[in-house]
Amino acid sequence: MSTIISTYLDLLDSQRETVFDALSGLTDSQLWQRPALNEWSIGEILDHNYLLFASTYPAVKWIWKLNGWYGRLRRNRQYSVQIEDLYRSPKFPQWVGFMWTPRYNPRKPVSFETLKSELRTLHANVRQFYEGKDVDVLGNLYLYDPLFGWCNLIVTLRIGIYHDQLHFDDVLKQAVQFQK
């Protein structure tokens, strides 16, 4: 397996587990408590992160299955493995999160264990998909995103990790309020 893929997958897991560790001891009512009107709770943010990965993962698998032959033909071409974290840009349209509105909310909560299990299972599936793949083929298969443009399957993974971290930072800020 490529070092970059291994690094990205390890980052995906470590940032998730760091947040889960920081949230240990939170009650389920705290998990679903909104910090302000029209702001998501910790539980909603975690579910939103799940939904983004859950919506892109099938597309990544489909591109691999449908166009893997094309990626193998182009495997000797140069490709990028990094992208700027556009989520941190002040110009990034943060309002697009509504497209992944959480399934769970304060009126329809689930336990923290359920959220952790779903996210861990999804990330394990993503890991399993990427681990066995030729990095040169992944780097030459592309998806189009209206905000990021054409992204190969390695960069697509990195964008998902950036997205998770953006929201994990929000979760950690909210969690501090409960630890006072």
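In what follows, the structure referred to is the one given above.
Residues numbered from 1 in each chain as written. Predicted model: local features only at pLDDT ≥ 70, side-chain atom pairs only at ≥ 80, totals over all residues. Heavy atoms only, no water.

This brings us to the packing of aromatic side chains. The final tally for this structure, using the stated rule, is six aromatic pairs. Look at Trp64 and Phe129: their rings are 6.2 Å apart centre to centre, the planes differ by 85 degrees, and that puts the pair in the edge-to-face class. Of this pair, Trp64 sits in helix α3 (residues 42–73) while Phe129 sits in helix α4 (residues 112–131), and the two are 65 residues apart along the sequence. Pair check on accessibility: Trp64 and Phe129 agree, each one buried. (Phe/Tyr/Trp six-rings, centres within 6.5 Å; stacked < 30°, edge-to-face > 60°. Helix = DSSP H or I, 4+ residues; strand = E, 2+ residues; numbered from the N terminus. Buried < 20%, exposed > 50% of the residue type's maximum accessible area, 1.4 Å probe, protein only.)

Our focus in this paragraph is empty space enclosed by the protein. The final tally for this structure, using the stated rule, is one cavity of 30 Å³ or more. One number sums up the size of the largest cavity: a volume of about 30 Å³. Around the largest cavity sit Leu46, Asp47, Tyr50, Leu115, Glu118 and Leu119, which together line it. Elements with a contribution of two residues or more to the lining of the largest cavity: α3 and α4. (1 Å grid on protein atoms, 1.4 Å probe; cavity = no way out; pocket = protein on both sides within 12 Å on 5 of 7 lines; lining within 4 Å. Points joined across faces, edges and corners; volume = space filled by probe spheres on them.)

With that out of the way, let us pick up the side chain of His48. Mapped onto the elements, His48 comes out in helix α3. A distance of 3.4 Å separates the side chain of His48 from the side chain of His167, its partner in a polar contact. (Polar contact = N/O pair within 3.5 Å; in protein donor to acceptor, adjacent residues only side chain to side chain.)

Taken N-terminus to C-terminus, the directions of helix α1 (residues 3–23) and helix α6 (residues 153–178) make an angle of 15 degrees; their axes are 10 Å apart at the nearest point. By the angle between their axes, α1 is roughly parallel relative to α6. By crossing handedness, the relation of α1 to α6 is classed as left-handed. Taking contact as the criterion, the partners of Ile5, Tyr8, Leu9, Leu11, Leu12, Gln15, Arg16, Val19, Ala22 and Leu23 in α1 are, on α6, Ile154, Leu157, Arg158, Ile161, Asp164, Gln165, Phe168, Val171, Leu172 and Ala175. Partitioned by chemical class, the residues of the contact of α1 with α6 number 15 nonpolar, two polar and three charged. (Axes fitted to C-alpha atoms, helices over the stretch in contact; angles between N-to-C directions. Parallel < 35°, antiparallel > 145°, perpendicular 65-115°, else oblique. Left-handed = near helix turned anticlockwise from the far one by under 90°. Contact = heavy atoms within 4.5 Å. Nonpolar A, V, L, I, M, F, W, Y, C, P; charged D, E, K, R; others polar.)

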